[in-house]
Amino acid sequence: MPPSVPSPTRRVARTLRTSLFAQVTCALVLGIVVGKLWPDTATALQPLGDGFTRLIKTVISPLVFCVVVVGIAKAGDLKAFGRIGVKALIWFEIASTAALVIGLVAANVVGPGKGMNVDPASLDAAAVQETTGGGHLPSTTEFVLNALPQSFIGSFAENELLQVLILACLVGAALLHLGHTKVPKVLPAVEQAQEIIFAVVGFIMRLAPLAVFGAMAHLVGNYGLGVMRTYAKLIVLCYVAAALFVVLLSVALKLVTGLSLWKFLRYIREEMLLALGTASTESVMPRVMQKLRRAGARDDAVGLVLPTGYSFNLDGASLYLSIGTLFIAQAVGVDLSLGQQITVVLVLMLTSKGMAGIPGSAFLALSATASSLGAIPAGAVALLLGVDRIMDSMRVVTNLLGNCVAVFAVSRWEGALDIDRAKRVLNGEDASRPDDGEKDVSGDRDVSGDRDVSGEKDRSGEKDRRDETRTEAPAPGVPAQKPKELEGLKERQELKEPAPEAG
């Protein structure tokens, strides 16, 4: 009998049960519907998204620490790790500057704020203070000092990624210096801790649909869809500029590595949708690190480039800040000269580096830029209060893709990328390793993606086994004996029969 074909209802039910992408997509749509129909109830659902993000943040620091320590120890070359860091910073600066320039050019061509004729005195500057909590962006000196750890445990407790990275580099360097003979149990323990953390991430990811539902319902319920009509020109411009930047990233990735960004997007579609729903790239960092490792990027490159990019390579934020600055100036009737716009780029190149993890950081950066120009009223930043949250999706996607491309590019630059493996994984071919593979949340396939070494033959071991089992042809009339017996017979014969005397 031919096998029975499941009904469409059963297929849909199975997809919803096994596919994280389908679950998050449904949660996203339901969140929008609930936020639109029951806004008062929807605003109370924010803890679902916040709780998920907090759970993920608990594992980010130990995961980054383990990945970097293992990466340095296994690479066996601290100089190579330093080269990766330098190359990553060079890439970050080029990408961030390109994003800023694209934003400025787009805002000059389209002019999203022209014709608004807003009176700065009518804006509520206190609302910006409330959003930022009275905080400020760190100066260059403060930024450098804050990156240095004061306490080993405190860096993990406060989730300071740059401090954790420095600690991980020190521990990895110490392991290389002492060697595996003096501390033979430390590296295996760190590797085992890393596997435990990845397992915890798998458990937490099962809550992702609830987090997306709560975050999206809160967004729509709190801000409504009407704000999109009010700021339609600005919103469309930001998203089109981001799309243009992503195209440039795609071209750069193809030129540097030969990989397709669109195939990579399909590969991380679950993580991308989750980042969109929660408006947070931190919520997907552990899973993205894991998938980049599966796709052929070496551990030390992934462990250093991706977390560092969260502080130094905010391409989406750079786009938004440059467009936002010109939007504010145009809205209040200020015409910025070319020299002032160059100043905007220079100021944002500095201020955007200290934005990560600071509440209302976009408004702080915009306020700092307005103050440095002296031509834009600081209170005019309040113009973006209503639309800032809508821009999170653009910033999240662009930031995440920019950092992932940076991992591939720097890995290729350093020779730390397995191109053949990356192409196989991005083409959907199974490159999993059954002995340590983590089951995907979808449950229907193993996507761990590390090279399958369980089936490979150990040629040296195979040769040794052949040598051990090889028997010599016995002399006529002598029964066949095992190799060890032959060795014993030979030794006994040498003892009984003295060597012939010379002459």
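Before reading on, note that the structure itself is shown above.
Note that the coordinates shown come from a computational prediction; the quantities given were computed from them, not determined experimentally. Each chain has its residues counted from 1, running along the sequence as written. Residue-level local features of this predicted model are given only where pLDDT is at least 70; pairs of side-chain atoms are given and counted only at 80 or more, and the full residue set underlies all totals for whole chains, interfaces and linings. For side-chain calculations, the full set of non-hydrogen atoms in the structure is used, while hydrogens and water are omitted.

### Re the overall build of the protein chain
Applied cut-off: Helix and strand assignments follow DSSP, with helices taken as H or I runs no shorter than four residues and strands as E runs no shorter than two, numbered in order from the N terminus. Accessible area is worked out with a 1.4 Å probe on protein chains only. A residue is then buried under 20% of its type maximum, exposed over 50%, and partly exposed in between. Between two residues, a contact is recorded if the distance between any of their heavy atoms is within 4.5 Å. Where accessible areas are quoted, they stem from the Shrake-Rupley method and a 1.4 Å probe; at the residue level, only the protein chains shown are allowed to cover.
Scanning the protein chain for helices and strands turns up 24 helices and zero strands. The buried share of the protein chain, taken over its 503 residues, is 48%. The contacts in the protein chain between residues at least 6 apart in sequence include a share of 80% that link residues at least 24 apart. For the protein chain, the exposed area adds up to about 25200 Å²; of that, 60% sits on carbon and sulfur atoms.

### Looking at the nonpolar core
For the record, the criterion: To qualify as a nonpolar core, a set must consist of buried Ala, Val, Leu, Ile, Met, Phe, Trp, Tyr and Cys residues joined through side-chain atoms within 4.5 Å.
V64, L234, F264 and L292 are the most contacted members of the largest nonpolar core, which has 127 residues in total. If one sorts the elements of this core by residue count, helix α4 (residues 46-75) sits on top with 14 residues.

### Thoughts on the side chain of N399
As for its position among the elements, N399 is in helix α21 (residues 392-414). Look at N399 and you get buried, because its relative accessible area is 10%. Excluding its chain neighbours within four sequence positions, the residues that come into contact with N399 are T281, N313, L314, D315, G316 and A317.

### A few points about the packing of aromatic side chains
Our working definition: Aromatic contacts are taken between Phe, Tyr and Trp rings whose centres are within 6.5 Å, Trp giving its six-membered ring; a plane angle under 30 degrees counts as stacked, one over 60 as edge-to-face, and the others as tilted.
This model, assessed by the stated rule, comprises five aromatic pairs. Between F65 and F156, the aromatic rings sit 5.4 Å apart at their centres with planes inclined by 70 degrees, giving edge-to-face as the arrangement. Separated by 91 residues along the polypeptide, F65 in helix α4 and F156 in helix α8 (residues 152-157) bring together distant segments of the chain. Linked through ring pairs, F65, F152 and F156 together constitute an aromatic cluster.

### Side note on the pattern of salt bridges
Note the following rule: By definition here, a salt bridge exists when the distance from a side-chain nitrogen of Lys or Arg to a carboxyl oxygen of Asp or Glu is within 4 Å.
Applying the stated rule across the entire model yields eight salt bridges. Measuring nitrogen to oxygen at the nearest pair gives 2.8 Å for the salt bridge that ties R287 to E271. Pair noted here: R287 is in helix α16 (residues 285-294) and E271 is in helix α15 (residues 269-278), with a separation of 16 residues, a long-range link. With respect to burial, R287 and E271 carry one shared label: buried.

### A word on the packing of helix α5 (residues 78-110) against helix α18 (residues 315-331)
Filter applied, for reference: Axes here mean lines fitted to C-alpha atoms, for a helix over just the part in contact, with angles spanning 0 to 180 degrees between N-to-C directions. With respect to orientation, any angle under 35 degrees is reported as roughly parallel, any angle over 145 as roughly antiparallel, any angle of 65 to 115 as roughly perpendicular, and every other angle as oblique. Should the near helix be turned anticlockwise from the far one by less than a right angle, the crossing is termed left-handed; should it be turned clockwise, right-handed.
At a minimum axis separation of 8 Å, α5 and α18 run at an interaxial angle of 30 degrees. Relative to α18, the element α5 is oriented roughly parallel. Once α5 is placed against α18, the crossing between them reads as right-handed. Of α18, the residues touching α5 (which contributes A95, S96, A99, L100, I102, G103, L104, A107 and N108) are D315, S318, L319, S322, I323, L326 and Q330.

### Details of the packing of helix α2 (residues 20-37) against α15
Just so we agree on the cut-off: Residues are sorted three ways: Asp, Glu, Lys and Arg are charged, Ala, Val, Leu, Ile, Met, Phe, Trp, Tyr, Cys and Pro are nonpolar, and all the rest, Gly among them, are polar.
At a minimum axis distance of 9 Å, the contact between α2 and α15 shows a crossing angle of 20 degrees. Looking at the two axes, α2 sits roughly parallel to α15. The handedness of the crossing between α2 and α15 is left-handed. On α15, the residues that touch L20, F21, V24, T25 and L28 of α2 are R269, E270, L273, L274 and G277. For the contact of α2 with α15, the per-class residue count stands at six nonpolar, two polar and two charged.

### What to know about a positive patch on the surface
To keep things clear, this is the line we draw: Candidate patch residues must exceed 30% relative accessible area and have no salt bridge, after which like charges are joined if within 9 Å and Val, Leu, Ile, Met, Phe, Trp or Tyr side chains if within 5 Å. Here the positive residues are Lys and Arg and the negative ones are Asp and Glu; neither His nor the chain ends is included. A single reference atom marks each charge: NZ on Lys, CZ on Arg, CG on Asp, CD on Glu.
Taken together, K254, K263, R266, R269, R412 and K423 make up a surface patch of like positive charges. Relative to the helices and strands, R269 resides in helix α15.

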